[in-house]
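Descriptive structure summary
Here are the chains, one letter per residue:
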Amino acid sequence: SSDSTDSVISTESTGNTGGSSRPFRVVLLGARGVGKSAIASIFAGAMDSMDSDEFELCGDEVCEQTITVDGEKATVTLVDNWDSEDEGGSSQDQCIQTGDAYLLVYSITDRSSFLQASELRISLRQHRPAHHTPIILVGNKCDLVRRREVSITEGRACAAVFDCKFIETSAAMQHNVWPAFHGIVQQLRLRRDTKEN
Ligand code: GDP
Ligand code: MG
């Protein structure tokens, strides 16, 4: 990944290096009210765009930003259009099939959202069996300590079972949200670099 020529070649073969040709598409999934849009708005407020050739395109549901991760730039399109009520609907299918990576969000104050995250993990596996798709299980609202219904241990154990990374965040306190975005970019790069070999 230190050789930019390799990255360009890989762009042509896989089409997703997060480099200049096509951004990484990262999709937010999770129950209603867990904080997906709060997380998206932190991403939308990123101020990495000091150079004039960089751009940001942010709408209600999709936001594109160029961010620097481990000293290397990556363009990420964050998608926040998951409709948890549209069960089995075409918009859900499209969401699940078009991401390069997923942030699977639940609220630590809402056990049912944790169970929904598990179900979503299973759907992802069913829809994308051939891919080693980067996924981070995100336990949001960790500032609400007295309303906690899901322990860190449970979150971590669930992530281990489902073979994905785990992080607890607080969008309200802006805690750990950027590490989650950086983590997903790191995983996407690892996958890209594995494909090169
Ligand atoms: P979404 O339905 O998943 O998009 O959830 P929203 O982003 O709309 O958030 C739902 C509610 O939870 C809103 O009132 C947010 O202000 C609140 N919220 C989101 N994240 C946090 C958090 O980390 N801590 C706290 N205390 N509230 C949060
Ligand atoms: Mg929302």
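Model, not experiment: these values are computed from the prediction. (Residues numbered from 1 in each chain as written. Chains lettered and ligands numbered in written order. Predicted model: local features only at pLDDT ≥ 70, side-chain atom pairs only at ≥ 80, totals over all residues. Heavy atoms only, no water.)

Here we come to the overall build of the chain. Across its full length, the chain holds six helices and seven strands. Helices (α) and strands (β) of the chain occur, in sequence order from the N terminus, as α-β-α-β-β-β-α-β-α-β-α-β-α. A buried classification covers 47% of the 197 residues belonging to the chain. Considering only intrachain contacts with a sequence separation of at least 6, the fraction spanning at least 24 residues in the chain is 69%. Carbon and sulfur atoms form 50% of the exposed surface of the chain, whose accessible area is close to 10,100 Å². (Helix = DSSP H or I, 4+ residues; strand = E, 2+ residues; numbered from the N terminus. Buried < 20%, exposed > 50% of the residue type's maximum accessible area, 1.4 Å probe, protein only. Contact = heavy atoms within 4.5 Å. Areas by Shrake-Rupley, 256 points an atom, 1.4 Å probe, with all protein chains shown as cover.)

This part covers the side chain of Ser118. Looking at the element boundaries, Ser118 is found in helix H4 (residues 111-127). Overall, Ser118 belongs to the buried group, its relative accessible area being 15%.

What follows is about the confidence of the model for the chain. Do not read the predicted coordinates in detail wherever pLDDT is low. Here the chain shows a mean pLDDT of 85. Residues at 70 or above account for 81%. pLDDT under 50 marks residues 1-15. Its contacts with residues more than four places away, or in other chains, come to 16 contacts. Here the complex is predicted with pTM 0.86, and the ipTM for its interfaces comes to 0.99. (pLDDT = per-residue confidence, 0-100.)

What follows deals with the packing of helix H3 (residues 90-98) against H4. Running from N to C, H3 and H4 cross one another at 70 degrees; their axes reach a closest spacing of 10 Å. The orientation of H3 relative to H4 falls into the category roughly perpendicular. Where H3 abuts H4, its residues Asp93, Ile96 and Gln97 lie against Ser123, Leu124 and His127. Its residues placed into classes, the contact of H3 with H4 shows two nonpolar, three polar and one charged. (Axes fitted to C-alpha atoms, helices over the stretch in contact; angles between N-to-C directions. Parallel < 35°, antiparallel > 145°, perpendicular 65-115°, else oblique. Nonpolar A, V, L, I, M, F, W, Y, C, P; charged D, E, K, R; others polar.)

Within the structure, ligand 1 sits among 15 residues, and Gly33, Lys36, Ala38, Asp143 and Ala171 are positioned closest to it. The contact in question runs from an oxygen atom of ligand 1 to an N or O atom on the backbone of Ser37, over 2.9 Å. Between ligand 1 and Ala38, the relevant distance is 2.8 Å, taken from an oxygen atom to a main-chain nitrogen or oxygen of the residue. Protein burial of ligand 1: of its 580 Å² of free accessible surface, 66% is covered by the chains. Considering each element in turn, the shell around ligand 1 owes the most residues, three residues, to helix H2 (residues 36-44). Residues belonging to the shell around ligand 1 are distributed by class as follows: six nonpolar, five polar and four charged. (Near = heavy atom within 4 Å. Polar contact = N/O pair within 3.5 Å; in protein donor to acceptor, adjacent residues only side chain to side chain.)

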